[in-house]
Amino acid sequence: MPRDIRVKLGDNTLQRGCVIENDEVLGRLYGNENGPTIVIMGGISASRFVADGGRLDRGWWSTLVRPDGPIDLNKYSVIGFDFAPSIESESRPKSITTHDQADRLKELLLFNNIGCVNAIIGSSYGGMTALAFAHDFPDMVDNICVIGAAHKPYPIGVAWRGIQRRAVMLGIEAGSPAKGMKLARELAMTTYRTAEEFDGRFDLIETQKFPSKFDICEYLGSRGNAFAELMDARRFLALSESIDLHNIEPELIKTPTLLMSATSDQLSPLANVRELRDRLGGDSELFTFTSLYGHDAFLKEYDAMAPRLLKFCQSLN
């Protein structure tokens, strides 16, 4: 049965001088505890609940992480991880980095007598954190797999996220943070997906009656409302900025690295990932696949990713 693991760090001073008061690092352990250990991390809205079911915010990668699946819970010990600021914590530092997240993961592992993991698989922000971990604690990880992420953010992505944060701050100033979060998520969805997907999925006008209804806007609004219910505004501000602060020197990473990239990803484009591959200090491989889903491919293209992830995990045995 899955079980939570944790470590209490007390007041944790971060890289840029901010403090998380009473910081508690939370992880979740799945699978065969005697098998190779794999840490799995997702985007900023993901959680430690990698393979649970029954709730919208849980089991976010359970299609891949399951008994007899590509990441087989009969064979591997899998650890999910909560990024800070955690949902459970009331402390909301203004600034946090991927190196801070890596340091918190290190403390969680060491407290639970795990001196080295066989692999870290990280998607989006989790991929950035995996790179930071391999950079900062090379003796604690044998292999990394990075999906939809690189050593630095892409400038247009920084611009889009900056607009999102300003929308959230306007909402906070107006006394309605949820409205700011809703607008930020609506914009974010247009950057996660592709124009081609939206073109094939939506009609321009659902009805000619007044007021006009555009089904794409209805969809974005529903996604915005759902996100505003799950994500605290100040937590979002810290994590969104953390993506834009991410910066790693690839040459210092000697850990064998598998890079996976959807060719349609706007936020971590193939050119960025190729540069990372070429600059990494250790063995590396770039696996690309096509997708209509852009940056969200790591949450959609299971059939495209599964064979390569299976091969990656089998190499850990």
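Above this text is the structure in question.
Residues numbered from 1 in each chain as written. Predicted model: local features only at pLDDT ≥ 70, side-chain atom pairs only at ≥ 80, totals over all residues. Heavy atoms only, no water.

Caption draft 1: Expanded view of the environment of L299. Looking at where L299 falls in the secondary structure, it is placed in the loop between β10 (284–289) and α9 (302–314). The residues contacting L299, other than those within four sequence positions of it, are W60 and W61. (Helix = DSSP H or I, 4+ residues; strand = E, 2+ residues; numbered from the N terminus. Contact = heavy atoms within 4.5 Å.)

Caption draft 2: Representation of the sheet that holds strand β9 (residues 257–262). Spatial strand order, β1-β2-β6-β3-β7-β8-β9-β10: eight strands in an open sheet with mixed pairing. The outermost strands of the open sheet, each flanked by one partner alone, are β1 (3–13) and β10. Strand-to-strand, the axes of this sheet are offset by a mean angle of 20 degrees, without reference to chain direction. Across the sheet, helix α1 (residues 98–111) lies against β1, β2 (19–31), β3 (37–41), β6 (77–81) and β7 (119–123), angled at about 125 degrees from β1, the strand it touches most. (Pairing = 2+ DSSP bridges. Axes fitted to C-alpha atoms, helices over the stretch in contact; angles between N-to-C directions.)

Caption draft 3: Focus on the pattern of salt bridges. For the coordinates displayed, the defined rule picks out 22 salt bridges. Measuring nitrogen to oxygen at the nearest pair gives 3.1 Å for the salt bridge that ties K106 to E107. On the accessibility criterion, K106 (15% relative accessible area) is buried. Beyond isolated ion pairs, a larger network of salt bridges with shared partners links D4, R6, E24, R28, R48, D52 and D82. (Salt bridge = Lys/Arg side-chain N within 4 Å of Asp/Glu carboxyl O. Buried < 20%, exposed > 50% of the residue type's maximum accessible area, 1.4 Å probe, protein only.)

Caption draft 4: Just the packing of helix α3 (residues 155–173) against helix α7 (residues 233–245), in detail. Their axes nearest at 10 Å, the elements α3 and α7 cross at an angle of 160 degrees. The angle between α3 and α7 falls in the class roughly antiparallel. Once α3 is placed against α7, the crossing between them reads as left-handed. For the pair α3 and α7, the contacting residues are V158, R161, Q164, R165, V168, M169 and I172 in the first and A233, R234, F236, L237, S240, E241, I243 and D244 in the second. Tallied by class, the residues present in the contact of α3 with α7 amount to eight nonpolar, two polar and five charged. (Parallel < 35°, antiparallel > 145°, perpendicular 65-115°, else oblique. Left-handed = near helix turned anticlockwise from the far one by under 90°. Nonpolar A, V, L, I, M, F, W, Y, C, P; charged D, E, K, R; others polar.)

Caption draft 5: Focus on the packing of helix α4 (residues 177–192) against helix α6 (residues 215–230). Two elements in contact, α4 and α6, have axes whose closest approach is 7 Å; the angle formed by their N-to-C orientations is 125 degrees. When the interaxial angle is binned, α4 and α6 end up oblique. Taken as a pair, α4 and α6 cross one another with a handedness that is right-handed. When α4 is examined against α6, the residues A178, M181, K182, R185, E186, M189 and T190 are found in contact with a partner set consisting of Y219, L220, G221, R223, G224, N225, F227 and A228.

Caption draft 6: Here's a closer look at the environment of A271. Along the polypeptide, A271 turns up in helix α8 (residues 270–279). Look at A271 and you get exposed, because its relative accessible area is 53%. Residues A271 and S242, spaced 29 residues apart in sequence, show a C-alpha to C-alpha distance of 21 Å.

Caption draft 7: Quick look at unusual backbone geometry. Cis geometry marks the peptide bond from A84 to P85, where omega comes out at -5 degrees. Within the secondary structure, P85 is located in the loop between β6 and α1. Phi at N22 takes a positive value of approximately 50 degrees, unusual for a residue other than glycine. Relative to the helices and strands, N22 resides in strand β2.

Caption draft 8: Seen up close, the side chain of R104. Tracing the sequence through the fold places R104 in helix α1. Judged by its relative accessible area of 0%, R104 falls in the buried class. Apart from residues no more than four positions distant in its own chain, R104 is found in contact with L9, N12, I20, D23, E24, V25, F81, D82, F83 and A84.

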